[in-house]
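# Topology and contacts: notes
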Amino acid sequence: MKFIVGVSGGIAIYKVVDLVRRFKKRGDEVRVVMTDSATKFVTPELFREISLEPVMTTVFNNEETAAHIKWAQWCDAMIIAPATANVIGKLAAGIADDALTTVAIAMTKPLIIAPAMNKDMFNSAAVTANLSILKQRGVNIIKPSSGELACGVEGVGRLPEPVEIVEQVDKILNADKRLSGYKILVTAGGTREAIDPVRYIGNRSSGKMGYAIAKIAAEYGAEVILVTSSSLEVPPNVKCINVESAEQMRQAVLSEYETVSVVIMAAAVADYRVAEPSKQKIKKSEDTLTLELVKNPDILLELGQRKQKQILIGFAAETQTVEANAIKKLKKKNLDMIVANDVTSEGAGFGVDTNIVTLITSNGATPYPKMSKTEVAEVILNELLSFLLDTPHG
């Protein structure tokens, strides 16, 4: 592999010396690009000796014309470590005023950043927002570690050890197999609760979101089981279990639950069913018809109560106080993540090919703009990947 390692001015730069050495030791080619601040910590000559490749410190002092473009085309990926708050902010704003940011913005290959800074800086509204922007653009983010920081306090903000960075870079770049070895169950569509052999109570869910998730998960190498009430075309390499009612979906999900690593409940499961469905078609007679409804089992709540090793992701389709209702559901049902959306928003309702979602975990909420449901599926699965990288699940 050919890597560009972008180095910005942080005390964690000493770890990057070892990172470059590790890449070189296993046979990778590495070029280093440094900010001016980085050269105050480590000299370019040190990186040049370790990498046996040119080191770029400015776009103006290189022998080759348009070196930043040529370097971006030369590599297979770029890793920025440590990524300071300053560099993160520049990339989010599209500013290219030095060698590192110029190369990074010229990149068409995977861009991976490893933030490292004081815990209050990392948790600030500005850095949080900028990281969210970069994540939306497809930038891969290696989460910082917890521990004692250079400023003497304890918290999140340490650059991971070089061996960990190498491992995570390999997992990120192995995109086609990033979920290989994981078994994922996805539910999709709205359930149908029988009134009689002809009629049913249902909802407007088309199943498109769940099908998109199943498709992308399979493309990422996962073994995928799709439990659905919809009749859309089943994605390649996906096992499909067709159901109709909430109880049928519950039985299908529970039958697989102990064997899966992840459950993504994208289905719109009916909250109520008819207490006594008629065995014959109900004939029209009176001006009104009264149906007694009883509660359906809460599949997601039951999964949360039974959860042991699984990652559990739910959906919250709301019409008001969206985030507050989603957070309440996240906690009540013991979820790892919930995908919330306002179905009254244009481009986010049922049956359309787009969605506008907010991903909510115990670490906070990340809103996303209107995207295709395929793009939303990629966002969800990339966030899932970060869970799997942090906590192995069998």
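Look above for the structure.
What counts and how
Residues numbered from 1 in each chain as written. Predicted model: local features only at pLDDT ≥ 70, side-chain atom pairs only at ≥ 80, totals over all residues. Heavy atoms only, no water. Core = buried A, V, L, I, M, F, W, Y, C linked by side-chain atoms within 4.5 Å. Buried < 20%, exposed > 50% of the residue type's maximum accessible area, 1.4 Å probe, protein only. Helix = DSSP H or I, 4+ residues; strand = E, 2+ residues; numbered from the N terminus. Contact = heavy atoms within 4.5 Å. Polar contact = N/O pair within 3.5 Å; in protein donor to acceptor, adjacent residues only side chain to side chain. Pairing = 2+ DSSP bridges. Axes fitted to C-alpha atoms, helices over the stretch in contact; angles between N-to-C directions. Parallel < 35°, antiparallel > 145°, perpendicular 65-115°, else oblique. Left-handed = near helix turned anticlockwise from the far one by under 90°. Nonpolar A, V, L, I, M, F, W, Y, C, P; charged D, E, K, R; others polar. Phe/Tyr/Trp six-rings, centres within 6.5 Å; stacked < 30°, edge-to-face > 60°. Lys NZ or Arg CZ within 6 Å of the ring centre and 35° of its normal. Arc of directions from axis to C-beta.

### As for the nonpolar core
Core analysis: the largest hydrophobic core is formed by 39 residues, its most contacted members being Leu179, Ile184, Ile213, Ile264 and Leu381. For this core, the secondary structure elements donating two or more residues are β9 (183-188), α9 (208-219), β12 (223-228), β14 (262-265), β17 (311-318), β18 (337-342) and α13 (373-390). Considering each element in turn, this core owes the most residues, 9 residues, to α13. Filtering out sequence-adjacent residues up to four positions away, Ile264 remains in contact with Ile184, Leu185, Val186, Thr187, Ile213, Ile313, Phe315 and Leu381. Core analysis: the second largest hydrophobic core is formed by 30 residues, Ala77, Leu159, Ile165 and Val166 among them.

### Some remarks on the side chain of Thr187
Here Thr187 lies in strand β9. Owing to a relative accessible area of 0%, Thr187 belongs among the buried residues under this scheme. One polar contact links the side chain of Thr187 to the main-chain amide nitrogen of Ala266, over a distance of 3.2 Å. Engagement of the side chain of Thr187 in a polar contact is seen with the backbone nitrogen of Ala267, the distance being 3.1 Å. In this structure, Thr187 is in contact with Gly210, Val227, Met249, Val253, Ile264, Met265, Ala266 and Ala267, ignoring residues within four places of it in sequence.

### A word on the sheet that holds β14
Backbone-to-backbone hydrogen bonds join strands into a sheet, with any given pair of strands oriented parallel or antiparallel. Judged by pairing direction, the sheet is mixed, and its 8 strands sit side by side in the order β13-β12-β9-β14-β17-β18-β20-β21 without closing on themselves. One side of each edge strand has no neighbouring strand; the edge strands of this open sheet are β13 (238-242) and β21 (364-367). Adjacent strand axes in the sheet meet at a mean angle of 15°, parallel and antiparallel pairs treated alike. Of the strands in this sheet, β9, β12, β13, β14 and β17 are in contact with helix α10 (residues 246-257), which crosses β9 at around 175°.

### Overview of the sheet that holds strand β1 (residues 2-7)
Read from one edge of the open sheet, 6 strands run β3-β2-β1-β4-β5-β6, paired in parallel fashion. The open sheet has two edge strands with one neighbour each: β3 (55-56) and β6 (140-141). In this sheet, strand β5 (residues 111-115) lies alongside strand β4 (residues 77-83) in parallel orientation, the contact comprising 4 bridges. Residue Ile79 lies in a different strand from β5, and its bridge partner there is Ile112. Of the strands in this sheet, β1, β2 (29-34) and β3 are in contact with helix α3 (residues 67-74), which crosses β2 at around 145°.

### Here's the deal with the packing of helix α4 (residues 85-93) against helix α7 (residues 125-136)
Viewed as axis vectors pointing N to C, α4 and α7 meet at an angle of 50°, and their least axial separation amounts to 9 Å. Classified by the interaxial angle, the pair formed by α4 and α7 is oblique. As α4 packs across α7, the resulting crossing turns out to be left-handed. Here Ala85, Ile88, Gly89, Leu91 and Ala92 of α4 come into contact with α7, specifically with Val127, Asn130, Leu131, Ile133 and Leu134. Looking at side-chain class alone, the contact of α4 with α7 contains 8 nonpolar, 2 polar and no charged residues.

### So, the packing of aromatic side chains
Applying the stated rule across the entire model yields 1 aromatic pair. In this structure, Arg31 is placed above the aromatic ring of Trp71, and the distance from its NZ or CZ to the ring centre is 5.2 Å.

### Overview of the pairing of β17
The buried fraction of β17 is high, at 7 of 8 residues. Here β14 runs beside β17; their pairing, made up of 4 bridges, is parallel. Residue pairing across strands places Val263 opposite Leu312, the latter belonging to β17. As judged from the 6 bridges shared by β17 and β18, these two strands associate in the parallel manner. When the sheet's bridge partners are listed, Gly314 is paired in β18 with Ile338.

### Re helix α12 (residues 322-332)
Looking only at α12, the buried set comprises Val322, Ala326 and Leu330. For α12, the angular spread of buried residues about the axis comes to 65°, placing them on one side. Those residues of α12 that are exposed and aimed more than 90 degrees away from the buried face are Ala324, Lys328, Lys331 and Lys332. Once α12 ends, the next one or two residues include Asn334, with phi positive near 60°.

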